[in-house]
Amino acid sequence: MMRIVVICDRHRAPALKAFGHCFDVIGTVGTAKPLRDMARIDGPEQAIDAGVQAVIALTPSAKLGEWNAACQTQQIPLISAGPMSPTDPNGFIPGRWRHNASLERIAGATKTAQMGTPVFLRHTCCGDGLHGIWWSLLDSLDFAHRVLGQPRRLLVGVSRRGSRWHAAVTVTTADGKTAHLQTTPAPHPGSDAMLLTSGGLAWNEASADSLQDMDGNAIRLDDEWPDARWAQHGLQQDAEPPDSALPKGLLTMLRRASRNRTIETLEL
Amino acid sequence: MTYGVLLLSFSSHSHQRNFVPGFLDHPGTRIVAVADDDDAIDDDLRSLNRQWAQQLGVPYVPCVEEALTREDVDIVSIAHDIERRAHLACQAAAAGKHLWIDKFTGATVAECDAVVDAVRRAAVTSIVPSYHYGALVQRSLAVLNQGQIGDLLGVHVDLMFSKGWPRPVPPAETPRDPAGRWKYPDVKRELLTTGSYSVGLLQACLAEPRQISARGGAFFFPEHAATHTEDFASLTLTDAEGRLGSLSAGRIGVATHPSGGPSTARLVGTAGTVTIDAKRPATNLFVRQQIIDADHRPAADDPMQWASGPPSLAPPVSDDPAGLRAALDDLVDALNEERSPAYTVKEARANMAILLAGYRSLATDGEVVTV
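Described below are features of the structure shown in this document. (Residues numbered from 1 in each chain as written. Chains lettered and ligands numbered in written order. Predicted model: local features only at pLDDT ≥ 70, side-chain atom pairs only at ≥ 80, totals over all residues. Heavy atoms only, no water.)

### Quick look at the pattern of salt bridges
The following threshold applies: By salt bridge we mean one thing: a side-chain nitrogen of Lys or Arg within 4 Å of a carboxyl oxygen of Asp or Glu. Runs of E in the DSSP output that reach at least two residues are strands. Runs of H or I that reach at least four are helices, and both are numbered from the N terminus. Summary of the burial criterion: residues with accessible area below 20% of their type's maximum are buried, those above 50% are exposed, and those between are partly exposed, where the area comes from a 1.4 Å probe applied to protein chains only.
Under the definition given, this model contains 33 salt bridges over all chains. Of the charged contacts, one joins Glu267(A) and Arg153(A) as a salt bridge, the two residues approaching to 3.1 Å between their closest N and O atoms. Of this pair, Glu267(A) sits in strand β14 (residues 264-267) while Arg153(A) sits in strand β7 (residues 151-161), and the two are 114 residues apart along the sequence. With a relative accessible area of 48%, Glu267(A) lands in the partly exposed category. Members of the salt-bridge network, linked through shared partners, are Arg122(A), Asp192(A), Asp158(B) and Arg266(B).

Right under this line is the structure:
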C-alpha cells in the first residue's frame, strides 16, 4: 500500500478512519488527533525519512506551502481538496463529493426522465476557518453545478463567533434554479442533501444509526466520508480533470461577508 | 371559566375548520356563534358559513357588527380572506373581544400595524396560533435553551406541502410583487402560505432581519404561471447579530414525501449542528392494499388541497404537530393569568414584514433588500 501523510484538521478527523483500509498512513499533520497506528508528523523531513510516497491535504493548513515546496523538490505527489490559493490550483483535485455514494445517487436522480427538471437543492458540508469553508464550498458548488447546471450568481453570507465559522451560499442559475449551500463547523461527512425537482423529491435521511452514550451524546455509525476514495482517485495518473471552473472571487466575498456581516453578491 | 368563541367566517382560503375541534374539545372554550357580513361575501361562502353553524348547533349571525354585540362572545376567531382580516380584527378589538387570528393579520404591513394598534388601544389579548407552537419551533427552542449546540450561527428550514396535482408549466415570468393582493380563485402565493411557517421559526431563533434575498417561480402548476405567482420560493437572510437564516417553501405536488412534505430545520451552532425533523418520530404504516389502491388525485372541489391532505405512509406520532392545541392552551392561560401569549399580532406583523421584504426581492429576481 502507498505510504502517505494526511494533512487534516480536527473537524475532518472522522474521515481518517477509512484511509487505513487503502493506504499505509505514516502519520497526520494538523489538529486532527491521529488514529491508532498513526503518528503525528512534525514536518516534511520526518515524512521523507519515513519513506512517504504521497501527501494528501484534506483541509487547508498554514503548513501547506512548506509541504508543497518539499514535495515538489522531492517529486512526491501532493493532492489537496482545495486550492493552495485563489490563483494557484496546483495539486487541487476537485469533486470530493463525487466519492460520496449518497450524493452521487442524488445527482444521478436527475438523469431519470420522470424526475423532471431540478428546482431547488440544499446541501450541508463541513469546514471551519475562512479557508476551511472556502474549500468546502468549492466542493459543494461543484455538486450544485453538476445537479443544477452553470451557476450565474452567488449570494454569500458568513456568520462567525470566535474561531467558529458558518457560511451560507445561495446559488442561482440563469434558468431559475436555486441551491442553498451551507457549511457547519461541526464534523459532517457532507452527505446531507435534498433535491426538489418538478417530478419528485430526493433526500438523504439524517442518520438513523447512532449510538447514544451514557452522557447523552450521539455517535453516528453510518458516516460516509468520501475522502479516502477521493484520494485514491486523485493519485491515479489518469484522474479526470474537473468539469467546473473555480468561481473566482469566492474567497474575497467570504472574507467581506464575514467582516461586514452582509450578504455579498458574486456575479459569475 | 369558559370563554365563548365567535367563529368569523369559514373562507376556503383560511383554516377555521381546523380550529373547530380545538374550540370544541378545550375545557376553557365553547363555540357560541358563527358570523360573517352576508352582504360582502359570495353565495358559496354564505352557504358554507350556514352549514357550519347548523353542524355546530349554534346561531349564524349575518352581520359581524351585530355578532360583536353579543355578551357571550369573549374570543373572536378570525379566518376570513386575508384582505378582510385587518378590518375585522380592528372591529372585534374595538368591541373589547380577544382575538384568535389565522396566520395573517392583514394584507399589508400598514394593515398589520393598524391591528397591533387596535389591540393595544383596546387592551385585549391576541394570539396568532399558527407559527410558534408546532413541533419544529418548539423542538428547536428546546435545543437552543439546553445550550447543546453552543451559540447559534444559523438556521436553515425546508418546509413544503406535498399537495396539488402538478402539470407541465409553460415558461413563466418572474412572479410579481403582490402589492396587497393575495386572493386568487385557484392559487395561493406560496412564499406567503408555506413560507410563513418557516419565517416563524427564523423569528423564534434569530434576531430581527437586516438583509433579505428571495427567489421563486411557477415550477409545478400552470395556474401559478398564468397569474405571475409562485408555487415555490426560497429566502435567505442575515439578522441584526450577523447570523444566517434560510428557507425553502412551496406546494410541490402529491406523492413526493411519505409524511406529506418535508418539515426540517438545521440549527448550526458553535458547538454542534442539529437536524430537526418535525415529521419524526413517525409511525410507518404500510398496508399493502391501501398502498396499491392509494388514490393521490385531489378532490375536484379542492384541486390544490387547501382543505385536505395527501395519504400519509408515515404520519407523525404527535397528536398536535401543528401546535394548535398548545396555542389554545396558551391563549386560555394568558387570559386567566392576564398575560400575553407567546405569539401575538405584534410577532405576526414582523412575520409579514419579512415576507413582504422577501416579495420585493423575489420580484427583482433575488436582489438583496435591506430591511
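Once you've had a look at it, read on.
### Digging into the state of the cysteines
Residues and elements named next belong to chain A. Basically, it comes down to this: Count a disulfide wherever a pair of cysteine sulfur atoms falls within 2.5 Å.
Taken as a whole, this structure holds zero disulfides over all chains when the rule is applied. Considering cysteine sulfurs only, Cys8 is the nearest to Cys22, which forms no disulfide, with 14 Å between them. Here Cys71 is not cross-linked by a disulfide; its sulfur's nearest cysteine counterpart is in Cys8, at 16 Å. According to the relative accessible area criterion, Cys71 is buried, its value standing at 5%.

### Some points on the pairing of strand β9 (residues 232-239) of chain B
Residues and elements named next belong to chain B. Short version of the rule: Between any two strands, pairing holds if DSSP finds at least two bridges.
Counting buried positions along β9 gives eight out of eight residues, so the element sits mostly inside the fold. The two faces of β9 match: Phe232, Ser234, Thr236 and Thr238 on one face and Ala233, Leu235, Leu237 and Asp239 on the other face are all buried. As paired strands, strand β8 (residues 209-217) and β9 are joined by eight bridges and run antiparallel to one another. Counterpart to Ile212 in the pairing with β9 is Leu237. In the sheet, β9 pairs with strand β10 (residues 244-251) via seven bridges, with the strands oriented antiparallel. For Thr236, the partnering residue across the bridge sits in β10 and is Ser246.

### As for helix α6 (residues 135-146) of chain B
Residues and elements named next belong to chain B. In plain terms, the rule: The span expected for a helix works out to 1.5 Å for each residue beyond the first. Two residues form a contact once any of their heavy atoms are found within 4.5 Å.
Here α6 spans 16 Å end to end across twelve residues, near enough to the 16 Å set by a 1.5 Å rise per residue. For α6, the complete set of buried residues consists of Ala135, Leu136, Val137, Ser140, Leu141 and Val143. The inward-facing, buried residues of α6 abut β7 (152-161), α8 (195-205), β11 (263-269) and β12 (273-277). Gly147 lies just past α6 and shows a positive phi near 75 degrees.

### Details of the sheet that holds β10(B)
Residues and elements named next belong to chain B. Strand order in the open sheet made by the seven strands is β12-β11-β7-β10-β9-β8-β13, with mixed pairing throughout. Edge positions in the open sheet fall to β12 and β13 (369-370), since each of these has one partner strand only. For β8 and β13, the ladder comprises two bridges, and the chain directions are antiparallel. Counterpart to Ile212 in the pairing with β13 is Val369.

### A few points about the nonpolar core
What counts, and what does not: Here, nonpolar core means buried Ala, Val, Leu, Ile, Met, Phe, Trp, Tyr and Cys residues that are tied together by side-chain atoms lying within 4.5 Å of each other.
With 95 residues, the main nonpolar core has Leu6(B), Leu7(B), Trp100(B) and Val155(B) as its most contacted residues. Among the elements that line this core, the one with the most residues is helix α12 (residues 345-362) of chain B, at nine residues.

### Things to note about the packing of α6(B) against α8(B)
All names here are of chain B. Our working rule: To obtain an axis, a line is fitted to C-alpha atoms, over the contacting stretch when the element is a helix, and the angle between two such axes runs from 0 to 180 degrees between their N-to-C directions. We call two directions roughly parallel when the angle between them is under 35 degrees, roughly antiparallel when it is over 145, roughly perpendicular when it lies between 65 and 115, and oblique otherwise. Should the near helix be turned anticlockwise from the far one by less than a right angle, the crossing is left-handed, and should it be turned clockwise, the crossing is right-handed.
At their nearest, the axes of α6 and α8 sit 10 Å apart, and the two run at 20 degrees to each other. Between α6 and α8, the angle is such that the two are roughly parallel. Considering only the axes of α6 and α8, their crossing is right-handed. Across the interface between the two elements, Leu136, Val137, Ser140, Leu141 and Leu144 of α6 pack against Gly200, Leu201, Ala204 and Cys205 of α8.

### Concerning unusual backbone geometry
A cis amide bond, omega -5 degrees, links Arg280(B) with the succeeding residue Pro281(B). One can find Pro281(B) in the loop between β12 and α10 (288-293). Phi angles above zero are rare outside glycine, and Gln75(A) is one such case at about 55 degrees. Secondary-structure assignment places Gln75(A) in the loop between α3 (64-74) and β5 (78-80).

### What about the side chain of Ser246(B)?
We apply this condition: Throughout this description, a polar contact denotes any pair of N or O atoms lying within 3.5 Å of each other; where both atoms belong to protein, one of them has to be capable of donating a hydrogen while the other can accept it, and for residues adjacent in sequence the pair is counted only when both atoms sit in side chains.
Its place among the elements puts Ser246(B) in strand β10. With relative accessibility at 1%, the residue Ser246(B) sits in the buried group. A polar contact is formed between the side chain of Ser246(B) and the side chain of Arg122(A), at a distance of 3.1 Å. Excluding residues that lie within four positions of it along the chain, Ser246(B) makes contacts with Arg122(A), His180(A), Val155(B), His156(B), Val157(B), Leu202(B), Leu235(B) and Thr236(B).

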